[in-house]
Amino acid sequence: MVRTENLSKRYKRKWAIKDITLEFKEGEIIGIMGPNGSGKTTFIKSILGLVIPTYGKIWVNGVDIGKSTHYKRDIGYMAQIPRFPENLTPTDLLRLVRDIYGDGKVKDYEYYIEKLSLNEFMNMPIKALSGGTKQKVSAFLCFSIDAKLYILDEPTASLDPYTSLILKEEILRKKEKGATVIISTHIIPTVEGLVDKLVYLLEGKVKFFGSVSRLKEITSQNSLERAIAKLNHVEGF
Ligand code: ADP
Ligand code: MG
């Protein structure tokens, strides 16, 4: 579903990501972890075509994204920091998304309003909403798109544990429908019991790619937290 080859991005003299070669299969949930500044957002934005790689290639659903922009219609995206026009309401935003993606692409939005308890906020301007509620609006818009690929950049960062759990359930529901999901996060409970494969980035490079159980095995740790600590501090992984 997504393949990258030597994907690299340099900002001035610093490489944000370097030689990332990975392949994610259809229907997989991929977790992207790594410390702040390790390149998670740059990697994600490259797949979305929002960051132009310095070199390297990306294919989404077999399409070289350097050659076409049409593939974006099959992606639902939740940004790390949602930037919505402050005077618009979630209802306005839904209308905008429908205009951009096309009518048939926006489905199940009533289900997500209910699930994310957004009813009372639908007609309030974005500027009146709390950070957590804005993040819920962002999740709502992302999931309402009937996509083959969902990309979520730290979706649970400012969500309460209950909403995080709902988000996790909804990600699993998308997977059941055959979608591929890429999710970056720092939060261990978000990853456990959810992801099929984990990418661990350190200073822009892939330090680990594989299942959570494989990571625990090679680090000889039972807890994901400790396995990750080992990845960070021990050479040779
Ligand atoms: P993460 O999402 O893992 O926190 P980022 O991809 O945001 O990491 O950032 C990776 C590195 O690239 C960081 O060192 C960051 O400062 C740098 N970086 C990201 N975006 C830009 C930019 N637009 N201009 C300059 N440097 C950037
Ligand atoms: Mg980030």
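Higher on the page you've got the structure.
In this text, all values refer to a predicted model and were calculated from it rather than measured experimentally.

**Re the environment of Asp 74**
As for its position among the elements, Asp 74 is in the loop between β5 (63-64) and β6 (75-78). Taking the C-alpha atoms as reference points, Asp 74 and Ile 166, 92 residues apart in sequence, are found 23 Å from one another. Those residues within four positions of Asp 74 in sequence are excluded, and the remaining contacts are Lys 105, Ala 147, Lys 148 and Leu 149.

**Section: unusual backbone geometry**
The phi dihedral of Asp 19 is positive, around 50°, even though this residue is not glycine. Even without being glycine, Asn 61 reaches a positive phi, approximately 55°. In this fold, Asn 61 is placed in the loop between β4 (55-60) and β5. A relative accessible area of 38% places Asn 61 in the partly exposed class.

**Considerations on the coordination of the magnesium ion (ligand 2)**
Protein coordination at the magnesium ion (ligand 2): the donors are Thr 41 (OG1) and Gln 80 (OE1), at 2.0 to 2.3 Å from the metal. Here Gln 80 lies in the loop between β6 and α2 (90-101) and Thr 41 lies in helix α1 (residues 40-47), a separation of 39 residues in the sequence. The exposure class of Thr 41 is partly exposed, given its relative accessible area of 24%.

**Here's the deal with the pairing of β4**
Examined bridge by bridge, strand β1 (residues 2-11) and β4 share five bridges and lie antiparallel to one another. Each residue of the ladder has a partner; that of Val 2, found in β4, is Val 60. Here β4 runs beside β5; their pairing, made up of two bridges, is antiparallel. Each bridged residue has a counterpart across the sheet, and for Val 60 the counterpart in β5 is Val 63. Counting the residues that bridge the hairpin from β4 to β5 gives two residues, and of these Asn 61 lies at a positive phi of roughly 55°.

Reading guide: rules and limits
- Residues numbered from 1 in each chain as written.
- Chains lettered and ligands numbered in written order.
- Predicted model: local features only at pLDDT ≥ 70, side-chain atom pairs only at ≥ 80, totals over all residues.
- Heavy atoms only, no water.
- Helix = DSSP H or I, 4+ residues; strand = E, 2+ residues; numbered from the N terminus.
- Contact = heavy atoms within 4.5 Å.
- Buried < 20%, exposed > 50% of the residue type's maximum accessible area, 1.4 Å probe, protein only.
- Donors = N, O, S within 2.8 Å, 3.2 Å for Na, K, Ca; no water.
- Pairing = 2+ DSSP bridges.

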